[in-house]
Amino acid sequence: MSPRLRRHERPFPPDAQLPHPPRPAGLVLDARLHLLDRQLDDVDGTPVMTIDDLELETDADGVTTVVHLLSGPVLATRIFGGRPPRDRWHRVAWRHVADVGTVVRLGIRGDGLDVLWVERWLRDHVIGRIPGGRHAPE
């Protein structure tokens, strides 16, 4: 425990305004408010995934940046606790993000991303076998 400072030992007067910390360059985001549980769309507006978690990196200056957006099987872990294994996460690099708003938008097409393989497999093997499942509704 640190010793308590007496009033006359404080490094600043009690009614003085504290200095503001320096702001890092770039866009400053609140992860819970702006990123987590948001829909991620590609450049064409096609939904790619929902952002479940973030992969962060802290440099030598103490500035934390987002490296990857993560999506994966988190429903069971939200109910029962714990974390899914690292190899089960789907990653999208932060450098592909073009805009952060109500929906997070990518600057690339989502077809080439590994995230969509589950949706493609379900479309081809499950939904496609349902009568009328191979075309858009009229």
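Scroll up to find the structure.
Residues numbered from 1 in each chain as written. Predicted model: local features only at pLDDT ≥ 70, side-chain atom pairs only at ≥ 80, totals over all residues. Heavy atoms only, no water.

S.K.: Which residues make up the pattern of salt bridges, and what are the values?
M.R.: Close approach of charged atoms allows side chains of opposite charge to pair. Using the criterion set out here, one finds four salt bridges in the structure. Taking the shortest distance from any N to any O, the salt bridge between Asp44 and Arg109 comes out at 3.3 Å. Here Asp44, found in the loop between β1 (39-41) and β2 (47-50), pairs with Arg109, found in the loop between β7 (104-106) and α3 (117-125); they are 65 residues apart in sequence, far enough to count as distant. One salt bridge in this structure joins Asp111 and Arg109, with 3.1 Å as the shortest N-O distance. Shared partners join several salt bridges into a network, and the residues in it are Asp44, Arg109 and Asp111. (Salt bridge = Lys/Arg side-chain N within 4 Å of Asp/Glu carboxyl O. Helix = DSSP H or I, 4+ residues; strand = E, 2+ residues; numbered from the N terminus.)

S.K.: Outline the pairing of strand β4 (residues 64-71), listing residues and values.
M.R.: In terms of strand pairing, strand β3 (residues 53-58) meets β4 through six bridges, oriented antiparallel. If you follow Thr58 over to β4, its bridge partner there is Thr64. Following β3, the chain reverses through five residues before pairing antiparallel with β4; Gly62 in that reversal takes a positive phi of roughly 90 degrees. The sheet contact formed by β4 and strand β5 (residues 90-93) spans four bridges and is antiparallel. (Pairing = 2+ DSSP bridges.)

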